[in-house]
Amino acid sequence: MLNTPHIAVIGAGLAGLSCATQLEQLGMRVSIFDKSRGTGGRMSTRRGDNWQADHGAQYFTARDPLFVQELARWQQAGVADLWQTTIAVLGDGSPHRNDGNTLRYVGVPRMSSPARWLANELSVSTSARVTALIRHQHRWRLRFDESMPERELIKNTDYDAVVLALPSAQAAELSRTHAPGLTAQCEASAMRPCWAAMMHFSTPVALPFDAAFVNAGPLRWIARDNSKPGRPGSETWVLHANTDWSTQHLEDSADDVIRALTEAFAVLGGPVPDNAGAHRWRYAEPVAGAKADNFLWDANLKLGVCGDWLNAGRVEGAWLSGRALARTLTSVE
Ligand SMILES: Cc1cc2nc3c(=O)[nH]c(=O)nc-3n(C[C@H](O)[C@H](O)[C@H](O)COP(=O)(O)OP(=O)(O)OC[C@H]3O[C@@H](n4cnc5c(N)ncnc54)[C@H](O)[C@@H]3O)c2cc1C
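Reference entry: report on the structure contained in this document. Only a predicted model underlies this, so the values are computations on that prediction, with no experimental measurement involved. (Residues numbered from 1 in each chain as written. Predicted model: local features only at pLDDT ≥ 70, side-chain atom pairs only at ≥ 80, totals over all residues. Heavy atoms only, no water.)

1. Describing the site of the ligand
Here is step 1 of the chain: Residues in contact with the ligand amount to 35 residues; listed here are only the nearest, Ala15, Asp34, Arg42, Tyr59 and Asp308.
Here is step 2 of the chain: Between Ala15 and the ligand, the recorded distance is 2.9 Å, taken from a backbone N or O atom to an oxygen atom.
Here is step 3 of the chain: In this structure, an oxygen atom belonging to the ligand sits 2.8 Å away from a side-chain N or O atom of Arg42.
Here is step 4 of the chain: Secondary-structure elements contributing two or more residues to the shell around the ligand are α1 (14-25), β16 (275-286) and α8 (315-332).
Here is step 5 of the chain: Its residues assigned to classes, the shell around the ligand comprises 18 nonpolar, eleven polar and six charged. (Near = heavy atom within 4 Å. Polar contact = N/O pair within 3.5 Å; in protein donor to acceptor, adjacent residues only side chain to side chain. Helix = DSSP H or I, 4+ residues; strand = E, 2+ residues; numbered from the N terminus. Nonpolar A, V, L, I, M, F, W, Y, C, P; charged D, E, K, R; others polar.)

Now the structure itself:
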């Protein structure tokens, strides 16, 4: 194993996990670090007493043959399934339309499940926020948030290459000292926020659909989370505010956001929840679509960047971006 290149992947969202899986399959040794307590990044699920809600990605589609194959592996492992639902469209004149032929998939029993499943095969350290990259004898060392004492054990490890599998602003922050060109490309790709509310009800909500694209008011999406396959019966709805509203209310308190989104839900016929929470996704989705290359790679520094924002901002795009970077990285090792 002595000569096996050791790669650090920062970010255990789907792009990082896809990259790491591919790197290991191609013979590399990989260590993954994520600041959160779990894996999955924006494919994530909040859990409470007797309820759960996917408050980031709502579903995903699979069009590229490589991702279709990966989805088949997830389905075989029981961590993803088809969400057979009818999606309504509320309000008019706007960007969100429903395509009746689209097949929509979800993680099972929760959106974070495919990521957890991928992570089981990998070496992942969670609650590990990387604060800086350090050049050390032509290799890389990582600096961690020092409030995490166990990081002492890993901070003197040398890595042959580093992959930043992060939203653009966070990738820019970590690449800045070493790779201004790469940083500039990250900074050129702004990402927009999204406020999400999770609402729990003791009785079923009497709306004649399980999900809707909303084209009026502060909301853009509402969904009955427990209508997805494998969820517990308890009635839970997820509400996403649209980009403009989320941007204008970015610094509002969670309580104010819950109040405003409860009112917006009432306008659509929704009742007042028994309890609710809110989550601010500061970097929810990229402004621009897919780039020519769906990853960035500095071959001299052996520093790469992948993530959904380099590939149209969706679950499938994130997975493909991570995989493509891994294949380029190994082809030049
Ligand atoms: C509200 C919302 C709704 C969405 N709806 C859909 C949808 O319906 N369909 C769809 O396909 N996609 C949807 N998406 C997009 C989808 O979630 C993303 O495209 C995909 O999950 C991104 O994966 P990623 O690995 O690129 O990034 P992320 O999932 O963001 O992963 C990045 C990881 O890096 C970690 N990290 C950040 N900084 C550091 C650091 N300094 N040190 C260590 N770790 C760090 C984070 O904790 C995170 O786990 C939605 C996203 C949001 C937020």
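Text resumes after the structure shown.
2. Looking at the pattern of salt bridges
Proximity of charged atoms lets side chains of opposite charge pair with each other.
Here is step 1 of the chain: Tallied over the full model, the rule gives 19 salt bridges.
Here is step 2 of the chain: Put simply, Asp225 and Arg231 hold a salt bridge, and the shortest N to O gap is 3.9 Å.
Here is step 3 of the chain: Judged by its relative accessible area of 10%, Arg231 is buried.
Here is step 4 of the chain: A salt bridge links Glu251 to Arg282; its shortest N-O distance comes to 3.6 Å. Highlighted residues: Glu251 in the loop between α6 (243-248) and α7 (254-267) and Arg282 in strand β16, separated in sequence by 31 residues.
Here is step 5 of the chain: Here the residues in one salt-bridge network are Asp54, Asp225, Lys228 and Arg231, joined through shared partners. (Salt bridge = Lys/Arg side-chain N within 4 Å of Asp/Glu carboxyl O. Buried < 20%, exposed > 50% of the residue type's maximum accessible area, 1.4 Å probe, protein only.)

3. Regarding α7
Residues lying three or four places apart along an α-helix face the same way, a consequence of the helix completing one turn every 3.6 residues.
Here is step 1 of the chain: Taking 1.5 Å per residue, 14 residues should reach 20 Å; α7 reaches 20 Å between its end C-alpha atoms and fits that length.
Here is step 2 of the chain: Among all positions in α7, only Val257, Ile258, Leu261, Thr262, Ala264 and Phe265 are buried. Angular distribution of buried residues about the axis of α7 spans 165 degrees; they occupy a single face of the element. Away from the buried face of α7 by more than 90 degrees, exposed residues Asp255, Glu263 and Val267 are located.
Here is step 3 of the chain: The elements touched by buried residues of α7 are β12 (191-201), β14 (219-224), β15 (235-241), α6 and β16. (Expected span 1.5 Å × (residues − 1). Arc of directions from axis to C-beta. Contact = heavy atoms within 4.5 Å.)

4. Focus: the pairing of strand β13 (residues 211-214)
Here is step 1 of the chain: Of the two faces of β13, both are covered, the one formed by Ala211 and Phe213 as well as the one formed by Ala212 and Val214.
Here is step 2 of the chain: As paired elements, strand β6 (residues 87-90) and β13 share four bridges and run parallel to each other. Bridge pairing in β13 links Ile87 to Ala211.
Here is step 3 of the chain: Alignment of β13 against β14, held across three bridges, turns out to be antiparallel. Residue Ala212 lies in a different strand from β14, and its bridge partner there is Ile222.
Here is step 4 of the chain: Linking β13 to β14, which pair antiparallel, is a turn of four residues; within it Gly217 sits at a positive phi near 75 degrees. (Pairing = 2+ DSSP bridges.)

5. Thoughts on unusual backbone geometry
Here is step 1 of the chain: Here the bond from Val108 into Pro109 is cis, since omega is 5 degrees, no more than 30 degrees from zero.
Here is step 2 of the chain: Here Pro109 shows up in the loop between β7 (105-107) and α3 (113-120).
Here is step 3 of the chain: Phi is positive for His138, which is not a glycine, with a value near 65 degrees.
Here is step 4 of the chain: If you check the backbone angles, Ala312 has positive phi at about 75 degrees while not being a glycine.

6. Concerning the packing of α1 against α3
Here is step 1 of the chain: Here α1 crosses α3 at 30 degrees, and the two axes come no closer than 10 Å. The pairing of α1 with α3 is recorded here as roughly parallel in orientation. Our pair here, α1 against α3, has a crossing hand that is left-handed. Listed contacts from α3 to Leu14, Leu17 and Thr21 of α1 are Ala115, Leu118 and Ala119.
Here is step 2 of the chain: Looking at the contact of α1 with α3, its residues break down into five nonpolar, one polar and no charged. (Axes fitted to C-alpha atoms, helices over the stretch in contact; angles between N-to-C directions. Parallel < 35°, antiparallel > 145°, perpendicular 65-115°, else oblique. Left-handed = near helix turned anticlockwise from the far one by under 90°.)

7. Some words on the environment of Ala179
Here is step 1 of the chain: Among the secondary structure elements, Ala179 is positioned in the loop between α4 (168-175) and α5 (180-187).
Here is step 2 of the chain: For Ala179, a relative accessible area of 4% puts it in the buried group.
Here is step 3 of the chain: Measuring from C-alpha to C-alpha, the distance between Ala179 and Asp298 comes to 8.1 Å, with 119 residues separating the pair along the chain.

Functional significance is not addressed by these values, which are geometric in nature.
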